Amino acid sequence: MPDTSINPPVLDALIIGAGFSGMYQLLCLRDRLGLSALVLEAGEGVGGTWYWNRYPGARCDSESHSYCYSFSPELLQEWVWTERYPEQPEIMRYMNHVADRFSLRRDIRFNTRVTGASWDAAENLWRVETHAGQHYAARYLIAAVGCLSTANVPKIAGLDSFEGRWLHTGEWPHEGVDFTGLRVGQIGTGSTGIQSVPVIAEQAGHLTVFQRTANYSTPARNAPLTAEFQAWVKANYGDITQTMRQTRNGHWFRIQDRSVFSVSEEEREAAFERAWEKGGLQFRSEFGDITTNLEANSKAAEFIRRKIRETVTDPEKARLLSEIDHPYAAKRPPIDSGYFEAMNRDNVTLVDVKANPIVAITPTGIRTTAAEYEVDVIVFATGFDAMTGPLLRLNITGRDGLALSDAWAAGPRSYLGLQVEGFPNMFTVTGPGSPSVLTNMPVAIEQHVEWITQAIAHLRAEGVDRIEPDPQAVADWLVKVDEAAAETLLPQASSSWYLGANVPGKPRVFMPYAGGMAKYREICDRVAAEGYTGFVLERDGAAVG
Ligand code: NA7
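Notes on the structure follow.

Rules used in this analysis
Residues numbered from 1 in each chain as written. Predicted model: local features only at pLDDT ≥ 70, side-chain atom pairs only at ≥ 80, totals over all residues. Heavy atoms only, no water. Pairing = 2+ DSSP bridges. Helix = DSSP H or I, 4+ residues; strand = E, 2+ residues; numbered from the N terminus. Buried < 20%, exposed > 50% of the residue type's maximum accessible area, 1.4 Å probe, protein only. Right-handed = clockwise from strand over helix to strand, strands pointing away. Salt bridge = Lys/Arg side-chain N within 4 Å of Asp/Glu carboxyl O. Axes fitted to C-alpha atoms, helices over the stretch in contact; angles between N-to-C directions. Left-handed = near helix turned anticlockwise from the far one by under 90°. Contact = heavy atoms within 4.5 Å. Nonpolar A, V, L, I, M, F, W, Y, C, P; charged D, E, K, R; others polar. Parallel < 35°, antiparallel > 145°, perpendicular 65-115°, else oblique. Near = heavy atom within 4 Å. Polar contact = N/O pair within 3.5 Å; in protein donor to acceptor, adjacent residues only side chain to side chain. Areas by Shrake-Rupley, 256 points an atom, 1.4 Å probe, with all protein chains shown as cover.

On the basis of which strands lie adjacent, the open sheet formed by three strands has the order 19-20-21 and antiparallel pairing. The sheet is open, and its two edges are formed by strand 19 (466-469) and strand 21 (542-543), each paired on a single side. In this structure, strand 19 lies alongside strand 20 (residues 535-539), joined through four bridges in antiparallel fashion. By the bridge assignment for strand 20, glutamate 468 is matched with valine 536.

Here you go:
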């Protein structure tokens, strides 16, 4: 029960966001620890990133049977996925099913956007306010706001003057958009843009795709799941879940240890072909050094470039799409359903905005340094202010009036991606500094939520009233995050959102922990087992332990 001696009544925990993270965090705190917990959610329903990302072709890049909660064997057995890669509506059906099955909705306040949160040091609690002027108070604040939930609409001169309609893929209208017969301009060719192009092209009168950085993509080879596969999954969920907890990226398939150079050229070619036919992110699974060794990577990269050139019939389009300036998978590797094939359609034009950047939106279209393109609708597939954006827009103020935006002025600083120095009793689920976006997200989310739940149980059992990271532990962890990234090719993509490079003015810091989910889990477990090393625990103003 909330503590009613203070106004507003003090909850044990306030959770922001009702996506995968917030829903599970509610379940853990309320049903396993018996705490008073409430979720505040800006949307009208559950689903988080999937609630907002309803753009044409929106589909998960993780395979459906692995893109789900694993905490409940019953849930794993009763839910039946229908496609290899679930489409947004199917994921929403799943999330709604989970919300109903575990009676989560009664403790979620929908249509409630958090606009501020501040630490009340005198009372040892978080005070939170919403866009509607409601006030909440809680002992623990858990930001479960996702990594990719703050839309990045580039500030292009003249957007206000545009007489047509413009949309961002991450804030897509729920009623959908009818592109029939329209001239559509799509800016952006990341994972999202690559998914939306084939679907919009089918409907639109004409689609002009504005590409800044060419991207690798492997075929998803999406298909309905056979009854045999569905039965196999159900019979093997124990092993599948176990594997997901052991692999570097939290996927259900293992990446082979062997090097690209351990086999003959013919064998390598056959392996890449096999992987290409298998499709999806499993393309990386044939060799262990694709993401760590530039020479090995270049073999995979050249294979994909060749596939692009073989698929795209127009030589100029093929050149633009295959001249890629970074190693394969150094940026988030998209998977597609007919992206390069769609480029062969007569109603699709590809514009190189690296050579000729966009300079303005006019009342009737998009102008680059070379030409103007008349369009009726602009689709911004321009991504997100990733990882830090969703946290910063909460306007959080910690100890001694420290704003999170100031604490992170030079980039995010966090211990294990779980807690920020100066922000006691606040936890971030899959925050910067944790493996998060480099993994199959539900695996990272379940690990964080369970760790946070265990930590809160420990604090309560020990009568600890504050936890926050030690500054030295934060500094040491940042070094580890940098070192882990440096062991991979990830920092070599200068336009990557992992580095914050997609948002002008954002500090260039490699944000996720690239050391792998399994290693990270071990580190977190050890920290907890050793009495929360690296965290400062206080009781009545004095350090504990
Ligand atoms: P991404 O991967 O950040 O892609 C955004 C795309 O938009 C990318 O091609 C950008 O080019 C392009 N972009 C961004 N700003 C501009 C401007 N101002 N002009 C031209 N082009 C621009 O976002 P997605 O939504 O595709 O994917 C995000 C994640 O969601 C994805 O990785 C999955 O995890 C799910 P750039 O590469 O920066 O040159």
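Residues in a regular strand point their side chains to alternate faces of the sheet. Among the six residues in strand 9 (residues 206-211), five count as buried, and that is most of the element. By the bridge criterion, five bridges tie strand 8 (residues 183-187) to strand 9 in an arrangement that is parallel. Counted as the bridge partner of valine 184 is leucine 207 from strand 9. For the crossover that starts at strand 8, traverses helix 5 (residues 191-203) and ends in the parallel strand 9, the hand is right-handed. Where strand 9 lies against strand 12 (residues 348-352), five bridges are found, and the strand directions are parallel. What sits directly across from leucine 207, in strand 12, is valine 348.

This part is about the pattern of salt bridges. All told, the structure shown has 28 salt bridges when counted by the stated rule. Aspartate 3 serves as the salt-bridge partner of arginine 139, at 3.9 Å between the closest nitrogen and oxygen. Placement of the pair is arginine 139 in strand 6 (residues 135-143) and aspartate 3 in the segment before strand 1 (10-16), with a sequence separation of 136 residues. Between glutamate 286 and arginine 274 there is a salt bridge; the shortest N-O distance is 3.2 Å. Of this pair, glutamate 286 sits in the loop between helix 8 (265-278) and helix 9 (294-311) while arginine 274 sits in helix 8; the two residues are twelve residues apart in sequence, bridging distant segments of the chain. Residue classification places arginine 274 among the partly exposed residues on the basis of a relative accessible area of 44%.

Let's shift gears to the packing of helix 1 (residues 20-32) against helix 14 (residues 441-461). Packed helix pairs are characterised by how far apart their axes lie and by the angle those axes make with each other. One can describe the packing of helix 1 onto helix 14 by two numbers: an axis separation of 9 Å at closest approach and a directional angle of 30 degrees. Crossing of helix 1 over helix 14 shows right-handed handedness. Touching Phe20, Ser21, Tyr24, Gln25, Cys28 and Leu29 of helix 1 are Pro442, Ile445, Glu446, Val449, Glu450, Ile452, Thr453 and Ile456, all from helix 14. Across the contact of helix 1 with helix 14, the residue classes tally to nine nonpolar, three polar and two charged.

Glancing now at the side chain of histidine 326. By secondary structure assignment, the location of histidine 326 is in the loop between helix 10 (315-322) and strand 11 (335-336). Every residue in contact with histidine 326, bar those within four places of it in the chain, is listed here: Thr213, Ala214, Asn215, Tyr216, Lys331, Gln492 and Ala493.

Moving on, we get to the packing of helix 14 against helix 16 (residues 517-529). Following both chains from N to C, one finds helix 14 and helix 16 inclined at 0 degrees, their axes separated by 11 Å at the closest point. Taken together, the axes of helix 14 and helix 16 are roughly parallel relative to one another. Here Val443, Ala444, Gln447, His448, Trp451 and Gln454 of helix 14 lie close against helix 16, whose contacting residues are Met517, Tyr520, Arg521, Cys524, Val527 and Ala528. Considered class by class, the residues forming the contact of helix 14 with helix 16 number eight nonpolar, three polar and one charged.

Among the 18 residues in the neighbourhood of the ligand, the closest are listed as Thr192, Arg212, Thr213, Lys331 and Arg332. Between the ligand and arginine 332 there is a distance of 3.2 Å, counted from an oxygen atom to a side-chain nitrogen or oxygen. Here an oxygen atom of the ligand sits 3.3 Å away from a polar atom, N or O, in the main chain of alanine 381. Protein contacts shield 88% of the accessible area of the ligand, which totals 770 Å² for the unbound molecule. Class assignment of the residues belonging to the shell around the ligand gives a composition of six nonpolar, nine polar and three charged.

You will see that alanine 329, though not glycine, has its phi angle at about 70 degrees, which is positive. In this structure, alanine 329 sits in the loop between helix 10 and strand 11. On the accessibility criterion, alanine 329 (9% relative accessible area) is buried. In this structure, asparagine 395 is a non-glycine residue whose phi angle is positive, near 55 degrees. Within the element layout of this structure, asparagine 395 appears in the loop between helix 12 (389-392) and strand 17 (396-397).

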